[in-house]
Amino acid sequence: MTTRGQSLANTVTGFLSVAIGLVWIFPLYWAVNTSFTVDEKTAQIPPYWFPAPILLDAFKYVIKNTAIIRWYLNSVITSVAIAGCVLLLTMMCGYALSQIRFRGRRFVFLAILAGFMIPGATNVVPLFMFMNSLGMVNSYWGVILPQLASPIAVVIYKQFFDQMPGELSDAAKMDGATDLRILFRLFLPLNWGITWALAIILFIWSWNNFFWPFIVISKTPMMTIPVGITQVQSWYGIAYPRQMASAVLAALPTAVLFVIFQRRVAQGVAITSGIK
Amino acid sequence: MKRSLVKGILLLVILCAPLLAWAAPTPVTLWDFLSGGDGVRWRAIIDAFNTSQSNIVVNATTLTWGDPFYTKVHTSVVAGETPDVMTYHISHFPAGIKAGDLRPITEAELKSVGLAFKDFNPALVNLSLELSKTYGQAGTIYGIPLDTHTSIIYYNKDILKKAGLLGADGKPQGFTGIDNFTKSLQKIKGSTGLLPMAMSSSNDPASVWRMFYTLFSQQGGKLAANGQLTLDQLDTYGKTAMQAIGDWAKNGLIPANVDYPGSVALFTTGKAAFMFNGNWEVPTVVDMQKKGTLPFNYGLMAFPKLYGTAATWADSHNISIPNNDKKPISAAMLKAVLTWVAYVEKNATAWAGGGHLPAYLPVLNGPDLAKLSPVNQYSGQAAKQVTLEPVSPVFGVGAPAYNLVANYLTPVLLGQISAGDAVSQFKAQLLSAAE
Amino acid sequence: MASISTEAGALTVQGVRPSKKRTPWLTVILLVAPFLIVYAAFLLYPTVRVIMLSFTNADIAGKGSYIGTANYVKLWKDPLFWASLWHTIYFILLTVVPNTALGLIFGLIVVRQKRILRGIVLVLLFMPYILPVSVVTQIYLWVLSAAYGIVNFIFNVRINWFQDPYWAMPSVAFVTIWWTVGFNMLLFIAGLEAIPREYYEAASLDGAGGGLRVFRYITWPLVWPVTSLVLVLQLISQWQIFNQVYLLTNGGPFNKTIVVLMYMYQQAFTRYKGGYAATISLALFVLILLTSLVQIRLLRFRGNT
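Here the structure is a predicted model, which is why all the values come from computation and not from measurement.

**Observations concerning the interface of chain C and chain A**
Size of an interface, as often reported, equals the accessible area lost when the parts are brought together.
Phase 1: On the chain A side, the residues contacting the 69 residues of chain C number 80 residues.
Phase 2: It is helix 1 (residues 25-53) of chain C that contributes the most residues to the side of chain C that touches chain A, 15 residues altogether.
Phase 3: Taken together, the residues of the side of chain C that touches chain A sort by class into 53 nonpolar, 13 polar and three charged.

Pasting the structure below:
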């Protein structure tokens, strides 16, 4: 029931909003623009607003002369492992806390809630010492294990499992199903949505994690991408196109994931903040 | 039939695999921090080594120079996950040996590849042996000297000529003695309007330190003796040095807040008459001139004598083996590493192309170096002026002193603190860092 | 099925439940133990160890001896620690409220749009959040580069943003907001869309007037739970700032952007003082705990008025 005046106002605000969005994302555009040029052009004033011609030299150099392919592998392995293991461990724990009445259930739950109050970054020193004594510095396990302690995922699963109707599990138990079967064959399929959302947001968070992998990995072949592109000097002097090319390559996987799974990412953000 | 064929192939591969491992070259992991103009020459030497033989393959990784490098080394030693060999500054030996990061190298081990202590610059070897005696195992060295590197003056002949400061021999004239030096810089600014001397200070405490330490040492100042800090001369010579630098910045004779790449760019684009920088940027100007992208005629000279003594800050790159208690280096790997080191030392002329003064005597005193241009424009004089960093765990690359320079001395260039205050705070912080 | 309840003892039977009151302990352990082991080992144990380490002079390998409260005395007298504390607080002031406010503004912009446009604007504004922090810092080191950066060109200035004593921290704050506002925006969108349309329709029927009045009396109070949630999350998050400072300014210039975690990192990994670093960590932990509890109480109090 919009009048012409309102419709005009809507168009204007529409344009303004897109304009704001474009200005906001401009630095990202500028980085991509630079990655397609050559060194000399980046020092030009006035600057080149569009890459013309579009050159892939910087990308070719980065792929050939840095360990970025190896870093990709490391990031994929660790992020997939973390997302997968966190989901598995926390859905099992969340199920037990939700569905099985056992002695000490409240205590366990409170202990897990207490973990919310512990900021991850303040544990870095003893964590490093611990990983070192286990011989896991510079290894995948060293990167993966500390990131598996995710109290929030347990709480999320518990909350969602609490909402499962009692009749469902009762009926399944009547048919002789064990708890494990109920969890994996019944509850999990019914909660596929949040599981996917959690999986994707966990993957993105662990892919982007800088601090812990930076502390625990010092050998180049074991670095994850966010660490590798800042710790290893792969060219002499400042070569902005190459720097931007490596940055673009590092960002590509999570950007692509986001564009494809937008809804899931938004859902993941919401549920991990406690908003259903 | 097919299954047993597959099984057979698998068996063959499994049996042959050890053979492949045996035939494969020994991979040597090298960590370095050489990313200046000399880094290109360094990589060339490594590539040449790898192609010259097929038993050893050196895989080099360049990490960020300074604190980050030495931090990574230490954590890798703590974790027992070290590289096989690395570059290391002699100025960091006190801190490194003390922290248990370095593995001592005996002369016997050197002899196995045809090297001996006497083959190297005695100044460096004697210092190294002193350090071993004070902080580690006497009679050994904790790194094989590769070079001495120092600060030099790169100059733009065209600008100097315009300012009337270029002698008949094509060399700068009127720059000896601190007063003449400052007056000549002012003359450049006055008559050409260009920046007299490009020097970086933003996010680069090393450059400020090098200039400060040079001026300090030229007045005869010393900051450590017998493993102890002797900081009193900071209040006199140190203050004079800092005052000079601060005044240059105030009068626009040096930039107040430009970073390292910016300072190099100022010189190479012809906007500055001098550049105060380490010799490692020599390949940069050499390569630019070859490509025709350097818009002027350049020259190189040792840092002039401004006070009583002709001295210039210097440091020395060494090739060291990290200490690994959990997985000590095997005899085979040690041999491979030392074989590579011997190659690098014998081909030190190539490294001198990176601007450095080789430590290997046969090359240092040999005919090739004297003929190597443009390094020979300064190498003779610069070698005489070498003044290495104070011997103390508090000084040297990657040690607390550089951070303290950034926080207490650099602000003088920005006019944020007086030279006297800066130096006394610097002194106080050094003392507390030494505890 | 039958639902029986008696008054005495409240014996309630829902449906037909097999009366197996015995806890299936094996299953419980199988389900709960893996997570609990990881949780205890990598979250609880380090927290306890931080406290223990703070009373020792351990190095980064953990080797050291008991020195009582010496670290705490040193911390109290350490000017660089206090400086890092003020810098962190300065950073918090520059980010927590602005980041929340901007998140709300962006959220309002997005929910106003329809369908395709909404999707486009959402992607544009949220995109920075999914980038790794080091990509963000690399981008801004270039964009805000002193000599050839595009920002200096557009605004015709020659500021060395990340090394300028005045602009360094605000620049780091801006980069942080650019990177993370998308997260807040999504939460606000969820909150805004949860407001029933009837409120707005009723308001326009009552002739409530301009958008500002609608915002003040309807939107703001109803979105308050999200706002207070975002403020709390922001505070806890910005106390732990490290990555951006380390990658953009490295604590400079002149230590003006050193924050608490960065100081802790330097002490632990460049000066090899594990025990002292643990003391700093513990101090930070306590600060985060106290301030977030205070903040939660204050917000709840405000929300009730």
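There's more to say after this.
**Comments concerning the confidence of the model for chain C**
Phase 1: For chain C, per-residue confidence averages 86 on the pLDDT scale, and 90% of positions sit at 70 or higher.
Phase 2: Long-range and interchain partners of residues 1-17 of chain C, a stretch whose pLDDT sits below 50, account for 14 contacts in this model, where long-range means more than four residues apart.

**Here's the deal with the pairing of strand 3 (residues 85-89) of chain B**
Residue and element names in this part refer to chain B.
Phase 1: Of all five residues in strand 3, five are buried; the element is thus mostly enclosed.
Phase 2: Neither face of strand 3 is left uncovered, since the one carrying Val85, Thr87 and His89 and the one carrying Met86 and Tyr88 both have all their residues buried.
Phase 3: In the sheet, strand 1 (residues 26-32) pairs with strand 3 via two bridges, with the strands oriented parallel. Bridging from a neighbouring strand, Trp31 pairs with Met86 of strand 3.
Phase 4: Two strands pair when backbone bridges link them, and strand 3 and strand 10 (residues 312-320) are joined in this way by four bridges, in the antiparallel orientation. Bridge pairing links His89 to His317 in strand 10.

**Quick word on the packing of helix 18 (residues 400-413) of chain B against helix 19 (residues 419-433) of chain B**
Residue and element names in this part refer to chain B.
Phase 1: Following both chains from N to C, one finds helix 18 and helix 19 inclined at 165°, their axes separated by 9 Å at the closest point. Put simply, helix 18 runs roughly antiparallel to helix 19. With respect to the hand of their crossing, helix 18 and helix 19 are arranged in right-handed fashion. Each of Pro400, Ala401, Leu404, Tyr408, Leu409, Pro411 and Val412 in helix 18 lies in contact with helix 19, whose residues at this interface are Ala419, Ala422, Gln425, Phe426, Gln429, Leu430 and Ala433.

**Things to note about the domain arrangement of chain C**
Residue and element names in this part refer to chain C.
Phase 1: In terms of domains, chain C is made up of domain 1 (25-70) and domain 2 (75-304).
Phase 2: If you average the C-alpha positions of domain 1 and of domain 2, the two centres end up 31 Å apart.
Phase 3: Contacts between domain 1 and domain 2 engage eleven residues on the former and nine residues on the latter.
Phase 4: In the side of domain 1 that touches domain 2, the residues fall into five nonpolar, five polar and one charged.

**Details of the environment of Gln240(C)**
Phase 1: Its location among the elements puts Gln240(C) in the loop between helix 9 (211-239) and helix 10 (243-248).
Phase 2: On a C-alpha basis, the gap between Gln240(C) and Phe285(C) in space is 9.4 Å, while along the polypeptide they are 45 residues apart.
Phase 3: Ignoring anything within four residues of it in the chain, the contact list for Gln240(C) reads Pro119(A), Ala121(A) and Leu261(C).

**Comments concerning helix 4 (residues 115-126) of chain C**
Phase 1: Compared with the 16 Å implied by 1.5 Å per residue over twelve residues, the 16 Å span of helix 4 of chain C between its first and last C-alpha is a close match.
Phase 2: When helix 4 of chain C is considered as a whole, its buried residues turn out to be Val121(C), Leu122(C), Leu124(C), Leu125(C) and Phe126(C).
Phase 3: Buried residues in helix 4 of chain C make contact with helix 1 (4-35) of chain A together with helix 3 (79-112) and helix 7 (168-193) of chain C.

**What to know about the pairing of strand 9 (residues 298-302) of chain B**
Across a regular strand the side chains alternate sides, sitting on one face of the sheet and then on the other.
Residue and element names in this part refer to chain B.
Phase 1: Residues of strand 9 alternate between two faces, with Tyr298, Leu300 and Ala302 buried on one and Gly299 and Met301 left unburied on the opposite face.
Phase 2: For strand 4 (residues 144-156) and strand 9, the ladder comprises five bridges, and the chain directions are antiparallel. Bridging across to strand 9, Ile153 finds its partner in Met301.

Parameters at a glance
Residues numbered from 1 in each chain as written. Chains lettered and ligands numbered in written order. Predicted model: local features only at pLDDT ≥ 70, side-chain atom pairs only at ≥ 80, totals over all residues. Contact = placed C-beta atoms within 7 Å. Helix = DSSP H or I, 4+ residues; strand = E, 2+ residues; numbered from the N terminus. Nonpolar A, V, L, I, M, F, W, Y, C, P; charged D, E, K, R; others polar. pLDDT = per-residue confidence, 0-100. Buried ≥ 20, exposed ≤ 12 C-beta atoms within 10 Å, placed from the backbone. Pairing = 2+ DSSP bridges. Axes fitted to C-alpha atoms, helices over the stretch in contact; angles between N-to-C directions. Parallel < 35°, antiparallel > 145°, perpendicular 65-115°, else oblique. Left-handed = near helix turned anticlockwise from the far one by under 90°. Domains from an automatic or database assignment. Expected span 1.5 Å × (residues − 1).

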